[in-house]
Amino acid sequence: FSIGFGRPLWRRQGRDGVEYIVAALPLGGYVKMLDEREGPVPATEAPRAFNRQNVRTRMAIVAAGPVFNFLLAIAAYWAVYVIGVTGLRPVIAEPAAPSRAAAAGLRAGEEILRVNGKAMPTWEVLRAELMGLALDSETLTLEIRQPDGEVRLRTLELSGLRVDPEFLFEDLGLFPFQPDIPPILSEVLPGEAAAAAGLQAGDRLLAYNNVPLTSWQQWTAWLRAHPGAAVTLEVQRGAERLRVTVVVGREVLQDGRVRGRFGAGVNVPAELWEGLTTEYRLNGLAALPAAVAQTVQMSGLTLKMLYRMVLGDVSVRNISGPIQIAQVAGYSASAGLAAFLSFIAIVSVSLAVLNLLPVPVLDGGHLLYCIVEAVKGAPLSERVQALGQRIGLALLVTLMGLAFYNDILRLIY
């Protein structure tokens, strides 16, 4: 068993004869079997060689890795539900006019209680559910609670949507409701558009091009749509009112689109979010079936996304490598134990599903070889297996290269 690849930094042999290694390149790890096809095996060890085991035993050994990935995901989700998850209630912002939500008659301040009869306690649960259902192009029945407390049903049509997560919720028109944030600058980043215009922390934005500003969201929405534009801002600084000209900065996104950049931030008063957050918690007994169901749902979603990626409906930019995984791990750890455990569960499910794909080199490829052997009564020829291994290795290297490429692009942009 090796943690990492390359030159061993630490090596130890257990009493059972298994060798344990920590290697120099911490990009995952691997398990290497005692196998006469891989190299010479002492006569005393030959009965333990992997290639001498029957088909059923070999299938159990190969499947053990993905199975334990699934079990780890279930354990992590169980712990998350027992600890409790704090998230935003699925209260929606005003849907844009051409969106599906607007066509369904949804309005700002309404809360989505159920989707096709399934409870939606938080926005995170709602997002995952909608992503999975959108891949199936379903028509949904939403149970909505209006601001006055009345509960109604709405029908949301999903057919024909762009299913890529980058565009899905834009087409749906579903975004979390945000209370108006006061447009008072809390920080100004050096070298950015706001600093170049002489703006300072504490300045309150009153208007842009004579249009009154009532919230930070109003300003950022206009800003992002006008990269490179020159805009006149009216600003309150203490007892003084100023007029300054800002040349909006430009930010290039991964898909090549350009959006405006201001280079300043605001503080969000905690009291604005009172009543919009909720905690979702289950007892230990109820958490187990919920954890299993969540693992099954995430597995299905991963498979659907991979299939749509092959069809070209979902961009390969959604593939992440070790750099992005390390960054997200850090962010989730800083957000708390429940967030970190959720991240561990998602990574475990992704690894299990990926490893079970019928691609030589991966566990799913070995299982496929075993199934063929069980059906025909004899293993595939070494030539066919070697060819499959080369094809599988080429696919794996291509996938890893794409993941690294995406990670580096994210760092640059």
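Residues numbered from 1 in each chain as written. Predicted model: local features only at pLDDT ≥ 70, side-chain atom pairs only at ≥ 80, totals over all residues. Heavy atoms only, no water.

Observations concerning helix H1 (residues 55-83)
What counts, and what does not: Secondary structure elements are defined from DSSP: runs of H or I of at least 4 residues count as helices, runs of E of at least 2 residues count as strands, and each element is numbered from the N terminus. Multiplying 1.5 Å by the helix residue count minus one yields the expected span of that helix. A residue's bend is simply the angle between two axes: one fitted to the seven residues ending at it, one to the seven starting at it. Three exposure classes are used, based on accessible area relative to the maximum for each residue type with a 1.4 Å probe and protein chains only: buried under 20%, partly exposed in between, and exposed over 50%. Contacts are assigned to residue pairs that have any heavy atoms within 4.5 Å of one another. Any N or O atom pair separated by 3.5 Å or less is treated as a polar contact, with the protein-specific requirement of one donor-capable and one acceptor-capable atom, and with residues adjacent in sequence counted only for side-chain atom pairs.
End to end, H1 covers 42 Å across 29 residues, agreeing with the expected 42 Å (1.5 Å per residue, within 8%). At Ala64, H1 shows its maximal bend, which comes to roughly 40°, and the proline Pro66 appears one to four places after that position. Listed as buried for H1 are Val55, Arg58, Val62, Pro66, Asn69, Ala73, Ile74, Ala76, Tyr77, Ala79, Val80 and Tyr81. On the buried face of H1, the contacting elements are strand E3 (85-88), strand E16 (277-280), helix H7 (284-311), helix H9 (337-355) and helix H10 (363-376). At the N-terminal end of H1, a side-chain oxygen is found 3.2 Å from the backbone nitrogen of Arg56, two or three residues along, and the residue is Asn54. Once H1 finishes, Gly84 follows within two positions and takes phi at roughly 105°, a positive value.

Topic: the packing of H1 against H9
Heads up, the condition is: Lines fitted to the C-alpha atoms define the axes, with helices restricted to the stretch that makes contact. Angles between their N-to-C directions range from 0 to 180 degrees. Note on terminology: angles under 35 degrees are roughly parallel, angles over 145 are roughly antiparallel, angles of 65 to 115 are roughly perpendicular, and the others are oblique. The crossing is said to be left-handed when, going from far helix to near helix, the turn is anticlockwise and less than a right angle, and right-handed when the turn is clockwise. For this classification, Asp, Glu, Lys and Arg are treated as charged, while Ala, Val, Leu, Ile, Met, Phe, Trp, Tyr, Cys and Pro are nonpolar and the rest, including Gly, are polar.
Between H1 and H9, the shortest axis-to-axis distance is 8 Å and the interhelical angle comes to 160°. By the angle between their directions, the pair H1 and H9 is classed as roughly antiparallel. H9 is crossed by H1, and the crossing has left-handed handedness. Among the residues making up the contact of H1 with H9, the classes are represented as 19 nonpolar, four polar and no charged.

Some details on the packing of aromatic side chains
Selection rule: Planes of paired rings set the category: under 30 degrees apart is stacked, over 60 is edge-to-face and the rest tilted, where pairs are Phe, Tyr or Trp rings (Trp by its six-membered ring) whose centres lie within 6.5 Å. Any Lys NZ or Arg CZ found within 6 Å of a ring centre and within 35 degrees of that ring's normal is scored as a charge over the ring.
Under the defined criterion, the tally for this structure stands at nine aromatic pairs. Between the aromatic rings of Trp219 and Phe262, the centroid separation amounts to 5.2 Å while the plane-to-plane angle is 80°, which identifies the pairing as edge-to-face. Of this pair, Trp219 sits in helix H6 (residues 216-224) while Phe262 sits in the loop between strand E14 (258-261) and strand E15 (264-266), placing them 43 residues apart in sequence. Taken as a pair, Trp219 and Phe262 share a single burial class, namely buried. Among the aromatic residues, those joined into a cluster by ring pairs are Tyr208, Trp216, Trp219, Trp222 and Phe262. The ring of Phe169 carries the charged tip of Arg127 above its face, separated from the ring centre by 4.2 Å.

Description of the nonpolar core
Counted only if it meets this: We call a set of buried residues a nonpolar core when its members are Ala, Val, Leu, Ile, Met, Phe, Trp, Tyr or Cys and they connect through side-chain atoms within 4.5 Å of each other.
If you look at the biggest cluster of nonpolar residues, it comprises 43 residues, and the most contacted ones within it are Leu172 and Leu174. If you look at the next biggest cluster of nonpolar residues, it comprises 23 residues, including Leu199, Leu213, Val235 and Val248.

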